[in-house]
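So you can see what is in the structure, the chains are spelled out below.
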Amino acid sequence: MVKLISEQLDKLVRQDKGRIMATLMGQFGDLARCEEAFQDAQALALRAWYKGIPDNARAWILKTARHRAIDTIRREHCFQGVVSDLSAQIDFDASVDNIADIEEIELPDERLKLMLICCHPALEEKTCVVMSLRFIAGLTTTEIGRGFLDKPATIGQRLSRAKNKIRLSGIRYGLPTHDQLAGRITVVLKVIYLIFNEGYVCQKGDEQLRFDLCEEALYLADLVSQLQPNHAEAQGLLALMQLCHARSAARQTGDGMFIPLEHQIRELWDRKVITEASRRLELALTLGEMGPYQLQAAIAAIHCQAPNYASTDWPQIVMMYRLLFKCQANDVVLLNLSVAESYIYGMEYALQKIEPLAESLSAYQPFHATRADFLSKLDRFDESIKAYEHALALTSVVSERRYLQQQKKGVLERKPKQ
Amino acid sequence: MKFLALLYAQPQNEPQYNTPEWDEMIQEFMTLTELYKNKGVFIAGEGLQDASTATSIKVRANQSELHDGPFAETKEQLGGFYLLDCKDLEEALMYAAKIPVAKWGTVEVRPVAEY
């Protein structure tokens, strides 16, 4: 029974953590204090709910957490001989016992504020990632540690440094001015995309213990898209991630080898998600604020529309990559553009286009894998094998390694015997 | 809340004395200080003499040890400061971004500890 209660409590907490934390933050404004109060409330719930979860579970937790927070404030203030305005406002008579009488409540959604504080530009990027997973997605430090192959203690230290900085540096809990909001949302989106990519690279079967960060990122992106329905890039990012995620079942063999788009079994793609994401993208495009997430989503959508790899609409993809390069002028975009161009203008042309990137992308595994593929298709076997070896030296992800090794083997077999 | 904005820059990146750029910078600083005063955020603000004029002091075993130059050997040198009274970090950063040095150096914003 206790196990059942604790499972149900976990589920509730997972679902409502962001909301409850955000509401507590609105009142107390100190992450460390709110977190502690919230945890106390959960511990009390485990004991109080031995007969089953009450209908007003969310309100119960929130009220209890509030009381815990007020209690600690009162204790601290007694110590200092100061009476707090806050404690004066709150009715102390409502003890944990008579919380049973309160009715279930609708929480006002304060999560955008919580998200903005977790992704504050004054914090380091990785810290924003960890903060969002902890306070909005509700993961434990152990789970986050698993996701990033870090010790829970390391994650814990990062979190407490961040909480300290937020408390002391004068970062305000609240919405920024309208002018600043768009810029701040951009940081939130970047953090979410980082989480997604972290999960995308390391798929199941490779690191059994890795938490599914893609799912967490999707949850966060979905939340932002609901909170900011008219933010075109927020919608674009969600569409992009959904389109990538819809193909995840096809991206790996049963025994955990990476399968590139070209060889994926398209029947395994989740059509329902693709349709939903495509519709979302279309709506985003009508908002008239073009940006890199929407363009990348558009590229993914074009791939998803093609019944097979051979019938991919390459000219359209090339056009999208050129637009993308206009708003994100970096060499990785050029590399991807060249791959698309290779299907129109040929391998020789594409190879020549990527050679100048050799220096800037020398540590980027996909550069060498792409170059190896171009060379192999041009029957330049020895150079191709060498390029695959470069690529292999740059990745420790098992699924990628297995794929690259297989490709290399294929080239070796095709190479004429002397 | 009080915030200290510390102005760091590499001397070679700054406008040189006796040039129109220098005059322009001084003018910008004067306008900025005026703005801070009008907005009621100004507490103090000064420019410092060149870092080569700095003397560092340590007291060890009751003995003062003097050193020529700034404490830390960094490329960017402390050239001045503003002490501002703002409602939160956002406001402090908004005002700090207007400091001319931010264009060629770095402005570090630190909240003043309250005890």
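Residues numbered from 1 in each chain as written. Chains lettered and ligands numbered in written order. Predicted model: local features only at pLDDT ≥ 70, side-chain atom pairs only at ≥ 80, totals over all residues. Heavy atoms only, no water.

As annotated in an unreviewed UniProt entry, chain B carries the name YciI family protein and comes from Shewanella hanedai. Within the UniProt record for chain B, the comment given under Sequence similarities (unreviewed entry) is "Belongs to the YciI family." (UniProt positions renumbered as here; feature names shortened; annotations may be inferred.)

Naming follows an unreviewed UniProt entry, where chain A appears as DUF6596 domain-containing protein of Shewanella hanedai.

Peer 1: Report on the overall build of chain A, specifying residues and quantitative values.
Peer 2: From N to C terminus, chain A includes 19 helices and 0 strands. Out of the 418 residues in chain A, the part that is buried amounts to 50%. For chain A, contacts bridging at least 24 residues in sequence account for 67% of all contacts bridging at least 6. Surface summary for chain A: the accessible area is close to 20,900 Å², and the carbon and sulfur share equals 52%. (Helix = DSSP H or I, 4+ residues; strand = E, 2+ residues; numbered from the N terminus. Buried < 20%, exposed > 50% of the residue type's maximum accessible area, 1.4 Å probe, protein only. Contact = heavy atoms within 4.5 Å. Areas by Shrake-Rupley, 256 points an atom, 1.4 Å probe, with all protein chains shown as cover.)

Peer 1: Provide a residue-level description of unusual backbone geometry, including the pertinent values.
Peer 2: Here the phi dihedral of D379 of chain A falls at roughly 60°; this positive angle occurs in a residue that is not glycine. Even without glycine at this site, N18 of chain B takes up a positive phi of about 70°. Secondary-structure assignment places N18 of chain B in the loop between β1 (2–9) and α1 (20–39). Residue N18 of chain B is classed as exposed on the basis of its relative accessible area, which comes to 67%.

Peer 1: Please give an account of the environment of G80 of chain B that cites residues and values.
Peer 2: Residue and element names in this part refer to chain B. By secondary structure assignment, the location of G80 is in strand β5 (residues 77–85). Using a relative accessible area of 1% as the deciding quantity, one classes G80 as buried. The spatial distance from the C-alpha of G80 to the C-alpha of Y8 is 7.6 Å, given a sequence separation of 72 residues. Excluding its chain neighbours within four sequence positions, the residues that come into contact with G80 are A5, L6, L7, E46, G47 and L48.

Peer 1: Requested: an account of the nonpolar core, with residues and values cited.
Peer 2: Ranked by internal contacts, the top residues of the largest apolar core, which has 122 residues, are I61 of chain A together with I99 of chain B. In terms of residues, this core owes the most to one element, helix α1 (residues 2–28) of chain A, which gives 10 residues. For this core, the two domains that each supply at least three residues are domain 1 (2–101) and domain 2 (109–228) of chain A. Once you skip the residues sitting within four places of it in the chain, I99 of chain B turns out to touch A5, L7, F29, L32, Y36, Y82 and V107 of chain B. Ranked by size, the runner-up nonpolar core spans 22 residues in total, among them M257, A369, L375 and L392 of chain A. (Core = buried A, V, L, I, M, F, W, Y, C linked by side-chain atoms within 4.5 Å. Domains from an automatic or database assignment.)

Peer 1: Describe the interface of chain B and chain A, and please don't skip the residues or the numbers.
Peer 2: With 6 residues of chain B in contact, the opposing surface of chain A contributes 9 residues. Of the roughly 630 Å² buried where chain B meets chain A, counting both sides, 54% is carbon and sulfur surface. Of all residues in chain B, D88, L89 and E90 of chain B give up the largest surface area on contact with chain A, accounting jointly for 69% of the area buried on that side. In this structure, the connection of chain B to chain A is made through 2 salt bridges. Note that E90 of chain B and R184 of chain A form a salt bridge whose closest N and O atoms lie 3.2 Å from each other. Across the contact surface, chain B and chain A share 4 residue pairs in polar contact (both at pLDDT 80 or more). Partitioning the side of chain B that touches chain A into residue classes produces 4 nonpolar, no polar and 2 charged. (Buried area = accessible area lost by both parts, 1.4 Å probe. Salt bridge = Lys/Arg side-chain N within 4 Å of Asp/Glu carboxyl O. Polar contact = N/O pair within 3.5 Å; in protein donor to acceptor, adjacent residues only side chain to side chain. Nonpolar A, V, L, I, M, F, W, Y, C, P; charged D, E, K, R; others polar.)

Peer 1: Which residues make up the pairing of strand β4 (residues 63–68) of chain B, and what values go with them?
Peer 2: For β4 of chain B, the tally of buried residues reaches only 0 of 6 residues, placing the bulk of the element at the surface. A loop of 2 residues connects strand β3 (residues 55–60) of chain B with β4 of chain B, the two strands running antiparallel in sequence, and A61 of chain B in this loop sits at a positive phi of about 50°. (Pairing = 2+ DSSP bridges.)

Peer 1: Describe the domain arrangement of chain A, with residues and values.
Peer 2: Residue and element names in this part refer to chain A. When the domains of chain A are assigned, the result is domain 1 (2–101), domain 2 (109–228) and domain 3 (354–418). For the pairing of domain 1 and domain 2, the buried interface totals around 1,400 Å² over both sides, and the portion due to carbon and sulfur atoms is 58%. Contact with domain 2 buries area across many residues of domain 1, yet R14, R19 and L31 alone supply 38% of it, more than any other trio. Where domain 1 touches domain 2, the interface holds 2 salt bridges. The salt bridge partner of K163 is E35, with a shortest N-O separation of 2.6 Å. Along the contact surface separating domain 1 from domain 2 lie 3 residue pairs in polar contact (both at pLDDT 80 or more). Contributions of two or more residues to the side of domain 1 that touches domain 2 are made by α1 and α2 (31–48). A total of 10 residues in the side of domain 1 that touches domain 2 trace back to one element, the largest contributor, which is α1. Split into classes, the residues belonging to the side of domain 1 that touches domain 2 amount to 5 nonpolar, 5 polar and 5 charged.

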